Amino acid sequence: MSGSSSQGSLHALADRWLPKLVLSPTLAASLIFVYGFIAWTGWLSFTESRLMPRYEWAGFVQYQALFENERWWTAAANLGIFGGLFILFCLLVGLLMAVLLDQKIRAEGALRTVYLYPMALSFVVTGTAWKWMLNPDMGLQKVVVDLGFTDFTFDWLVNPDMAIYTVVIAGVWQSSGFVMALFLAGLRGIDDSIIKAAQVDGASLPTIYRRILIPSLRPVFFSVLLILSHIAIKSFDLVMALTGGGPGNSSDVPAIFMYQFAFTRGQLGVGAASAMMMLITIVAVLVPLMYMETRSAKRV
Amino acid sequence: MFKNLTVGRALVYAALLLMAIYYLLPLYVMLTTSFKSLDDIREGNMLALPQLWQGGAWSKAWAEACTGVECNGMQGFFWNSIKMTLPAVAISTLLGAVNGYVVSMWRFRGSDALFTMLLVGCFIPFQVVLLPMAQLLGLLGLANTTAGLVLVHVVYGTAFTTLFFRNFYITVPDELVKAARIDGAGFWTIFFRILLPISGPIFVVCVIWQFTQIWNDFLFGVVFASGESQPITVALNNLVNTSTGVKEYNVDMAAAIIAALPTLFVYMVAGRYFVRGLTAGAVKG
């Protein structure tokens, strides 16, 4: 040891600094590209920037402009409708399928493959596919009319009152299989002896699921809620591909509003303000959920 | 209970099959439509098989269809996406591996806090960084280039890959590393000799996750690329929404499948790892 002591101390020195050195590029990138950029956008939202960024403080003018813009409220309301229904149906469909698949099903692997493949597709592809299926002239409407139901109409895609619901249909199709996978993994992780004990007590299978298994999936519920609300708030590509926010602005969502004001309408300030509102929404939804998730994870 | 058993199981299977049809229907419709002629589409039924199978829409989608002003099909954009995805996946995965190694095996005072700080990058809505990023890419001369998109995907993908590797390495017993250190192994020796050889599975998961995320991205593509440098998702959206001329649904569907093929292929050959990636990405935080 004594002969290599200087080399050894060099090693020790390297081992003390290398980890920090290795991590530092990513940390620097994170400081600039995440924290710095958020601050930058935040600053822009308090300036009078329009076509070009300007950096003089202007107070809340852009937020005022945003809140006085009816289109923003349409977008926000649509996010509420889409987010709420998307999460609800993904949870229901995903949980139902997980419970059904949990019944020692033949060809379970094949079915799971079928349920999950939409998750591999991009939202643009999903939007394109459903845009075609929901086409009022040639899509599902025509299929039903051809079956003899000549009065049948299904024109949600071009109906301003209903367009946002078509986004829900396509979104649930894309994401519910993933929810199923998470719930199924959760169900498989539950100790068999609990079920056996309940069966000995004479509980029926539906009761076991309702009273014991599903309640013990609590942590999974939080994860799923976390991911789905995240997907919903960020949703941009699906709406762009499916309805483009239309007809008119009827299926607009905040992500599209931000994109159009910032990049195609030359309203940087309003765009920045809407981006900050999206950030605030995500924080307001995710932080309590994550808090509850860590708490429930600790309890289980 | 036994009396209802068979009826119950029949119902379970019926429900599962019904759901399978719901999930497969769009794929079926896309595929069949892409092989139909336009007349066949107009006159026939969406659910019917093509009267005459023809591949013309496919070659048109690949080489001639108009995505805005250009009419060179999807081929150029397909290669754009490849050129963007491969380096971005490789760089972000390697960075994630060493980062994950540091935050799990070489924890120092404040390293947990730094890791949490990094994770925030997984959760922010990217709208909040778009404007500064556009400015910065302009300053760097990377606006509307594939290199610019690679940079963006590496920057925002590394938070995820770090998380993946950290969650994997945290399960490796400490004793392994401690013993190696007593034997005089340094930082890199431990990484290359001990951890890398057992990291195969997490590399696969991470690469699949990053590949799908980056290939399927639309937001960064539409904001930071234009014309020639667009990724395939943006080109597909442009193709479908081009309003000039006759709407060729068969070409739209062929183009959509072309855009989906790489990730579908990955899903088919490595579905198990794909799901594992999804679930690993799900337990963030």
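Residues numbered from 1 in each chain as written. Chains lettered and ligands numbered in written order. Predicted model: local features only at pLDDT ≥ 70, side-chain atom pairs only at ≥ 80, totals over all residues. Heavy atoms only, no water.

Points about the overall build of chain B
Logical step 1: Per the secondary structure count, chain B includes 13 helices and 0 strands.
Logical step 2: In chain B, the order of α-helices and β-strands from amino to carboxyl end is α-α-α-α-α-α-α-α-α-α-α-α-α.
Logical step 3: For chain B, whose C-alpha radius of gyration is 24 Å, the value lies well above the compact-globule estimate of 19 Å for 285 residues.
Logical step 4: Along the longest, intermediate and shortest principal axes, the C-alpha atoms of chain B span 75 × 70 × 30 Å.
Logical step 5: Per-residue burial over chain B gives 54% buried out of 285 residues.
Logical step 6: Excluding contacts between residues fewer than 6 apart, the proportion of contacts in chain B whose partners are at least 24 apart in sequence is 71%.
Logical step 7: Entry remark: accessible area of chain B is about 12,300 Å², with carbon and sulfur atoms responsible for 67%.
Logical step 8: Positive and negative side-chain charges in chain B, numbering 16 and 13 respectively, have mean positions lying 15 Å apart. (Helix = DSSP H or I, 4+ residues; strand = E, 2+ residues; numbered from the N terminus. Rg over C-alpha atoms; globule rule 2.2 N^0.38 Å. Buried < 20%, exposed > 50% of the residue type's maximum accessible area, 1.4 Å probe, protein only. Contact = heavy atoms within 4.5 Å. Areas by Shrake-Rupley, 256 points an atom, 1.4 Å probe, with all protein chains shown as cover. Lys, Arg positive; Asp, Glu negative; His and termini not counted. Charge placed at Lys NZ, Arg CZ, Asp CG, Glu CD.)

Looking at the confidence of the model for chain B
Logical step 1: Overall, the prediction assigns chain B a mean pLDDT of 89, with 96% of residues at 70 or greater.
Logical step 2: With pTM at 0.91, the complex prediction returns an ipTM value of 0.91. (pLDDT = per-residue confidence, 0-100.)

A short note on the interface of chain A and chain B
Logical step 1: Every contact between the two is made by 87 residues of chain A and, on the other side, 85 residues of chain B.
Logical step 2: Buried surface at the junction of chain A and chain B, summed over both partners, amounts to about 7,700 Å²; 77% is from carbon and sulfur atoms.
Logical step 3: Summed over the three residues of chain A that lose the most area to chain B, namely Phe 33, Tyr 117 and Trp 132 of chain A, the buried surface amounts to 9% of that side.
Logical step 4: The interface formed by chain A and chain B includes 27 residue pairs in polar contact (both at pLDDT 80 or more). (Buried area = accessible area lost by both parts, 1.4 Å probe. Polar contact = N/O pair within 3.5 Å; in protein donor to acceptor, adjacent residues only side chain to side chain.)

Details of empty space enclosed by the protein
Logical step 1: For the structure on display, the rule yields 5 cavities of 30 Å³ or more.
Logical step 2: In terms of lining residues, the largest cavity is bounded by 40 residues, among which Phe 123 and Lys 234 of chain A together with Phe 126, Trp 209 and Gln 213 of chain B are the most central.
Logical step 3: Considering every element that reaches the lining of the largest cavity, the biggest residue donor is helix α10 (residues 200-216) of chain B, with 8 residues.
Logical step 4: Grouping the amino acids of the lining of the largest cavity by side-chain chemistry returns 22 nonpolar, 14 polar and 4 charged.
Logical step 5: Computed from the structure, the second largest cavity encloses a volume of approximately 80 Å³.
Logical step 6: Counting only elements with at least two residues in the lining of the second largest cavity, the list comes to α1 (5-44) of chain A together with α5 (111-123) and α7 (146-169) of chain B.
Logical step 7: Broken down by element, the lining of the second largest cavity gets its largest block of residues, 5 residues, from α1 of chain A. (1 Å grid on protein atoms, 1.4 Å probe; cavity = no way out; pocket = protein on both sides within 12 Å on 5 of 7 lines; lining within 4 Å. Points joined across faces, edges and corners; volume = space filled by probe spheres on them. Nonpolar A, V, L, I, M, F, W, Y, C, P; charged D, E, K, R; others polar.)

Regarding unusual backbone geometry
Logical step 1: For the bond running from Gly 246 of chain A to Pro 247 of chain A, omega is -5 degrees, close enough to zero to count as cis.
Logical step 2: In this structure, Lys 104 of chain A takes a positive phi of about 50 degrees despite not being glycine.
Logical step 3: Position of Lys 104 of chain A among the secondary structure elements: in the loop between α3 (70-101) and α4 (108-116).
Logical step 4: Not every positive phi belongs to a glycine, and Asn 144 of chain B is a case in point at roughly 60 degrees.
Logical step 5: Turning to its location among the elements, Asn 144 of chain B is positioned in the loop between α6 (127-139) and α7.
Logical step 6: The exposure class assigned to Asn 144 of chain B is partly exposed, which follows from its relative accessible area of 38%.

Details of a nonpolar patch on the surface
Logical step 1: Judged by side-chain polarity, Tyr 28, Leu 47, Leu 49 and Trp 53 of chain B come together as a nonpolar surface patch covering roughly 390 Å² of accessible area.
Logical step 2: Note on placement: Tyr 28 of chain B falls in helix α1 (residues 2-34). (Patch = residues over 30% accessible without salt bridge, like charges linked within 9 Å, V, L, I, M, F, W, Y side chains within 5 Å. Salt bridge = Lys/Arg side-chain N within 4 Å of Asp/Glu carboxyl O.)

Quick notes on the packing of helix α8 (residues 192-200) of chain A against helix α9 (residues 205-213) of chain A
Residues and elements named next belong to chain A.
Logical step 1: For the pair α8 and α9, interaxial distance at closest approach is 11 Å and the crossing angle is 125 degrees. In this view, α8 runs oblique relative to α9, as classed from their interaxial angle. Considering the relative orientation of α8 and α9, their crossing is right-handed. For the pair α8 and α9, contact is made by Ile 194, Ile 195, Ala 198 and Gln 199 and by Ile 208, Ile 212 and Leu 213, respectively.
Logical step 2: A breakdown of the residues in the contact of α8 with α9 according to their chemical character gives 6 nonpolar, 1 polar and no charged. (Axes fitted to C-alpha atoms, helices over the stretch in contact; angles between N-to-C directions. Parallel < 35°, antiparallel > 145°, perpendicular 65-115°, else oblique. Left-handed = near helix turned anticlockwise from the far one by under 90°.)

Focus: the packing of aromatic side chains
Centre distance and the angle of the planes are the two values used to describe a pair of aromatic rings.
Logical step 1: Counting across every chain of the model gives 49 aromatic pairs over all chains.
Logical step 2: For the pair Tyr 115 of chain A and Tyr 23 of chain B, a centre-to-centre distance of 5.4 Å together with 50 degrees between the ring planes defines the contact as tilted. With Tyr 115 of chain A in helix α4 and Tyr 23 of chain B in helix α1, the pair connects residues from two separate chains. Just as Tyr 115 of chain A is buried, Tyr 23 of chain B falls in that class too.
Logical step 3: The interplanar angle of 65 degrees and the centroid separation of 5.7 Å between the aromatic rings of Phe 168 of chain B and Tyr 169 of chain B together place this pair among those described as edge-to-face.
Logical step 4: Residue placement shows Lys 20 of chain A over the ring face of Trp 17 of chain A; its charged tip is 5.1 Å from the ring centre.
Logical step 5: The ring of Phe 108 of chain B is capped by Lys 20 of chain A, whose NZ or CZ atom sits 5.2 Å from the centre of that ring. (Phe/Tyr/Trp six-rings, centres within 6.5 Å; stacked < 30°, edge-to-face > 60°. Lys NZ or Arg CZ within 6 Å of the ring centre and 35° of its normal.)

Topic: the side chain of Ser 176 of chain A
Logical step 1: Within the secondary structure, Ser 176 of chain A sits in helix α7 (residues 163-188).
Logical step 2: Those residues in contact with Ser 176 of chain A that lie beyond four places of it in its chain are Cys 90, Val 93, Gly 94 and Met 97 of chain A together with Tyr 23 of chain B.

A closer look at the nonpolar core
Logical step 1: Core analysis: the largest hydrophobic core is formed by 204 residues, its most contacted members being Tyr 115 of chain A together with Tyr 156 of chain B.
Logical step 2: Ranked by residue count, the leading element in this core is helix α13 (residues 249-282) of chain B, at 16 residues.
Logical step 3: Ignoring any residue separated from it by four or fewer positions in sequence, one finds Tyr 156 of chain B in contact with Phe 33, Val 34 and Phe 37 of chain A together with Phe 126, Val 129, Met 133 and Phe 220 of chain B. (Core = buried A, V, L, I, M, F, W, Y, C linked by side-chain atoms within 4.5 Å.)

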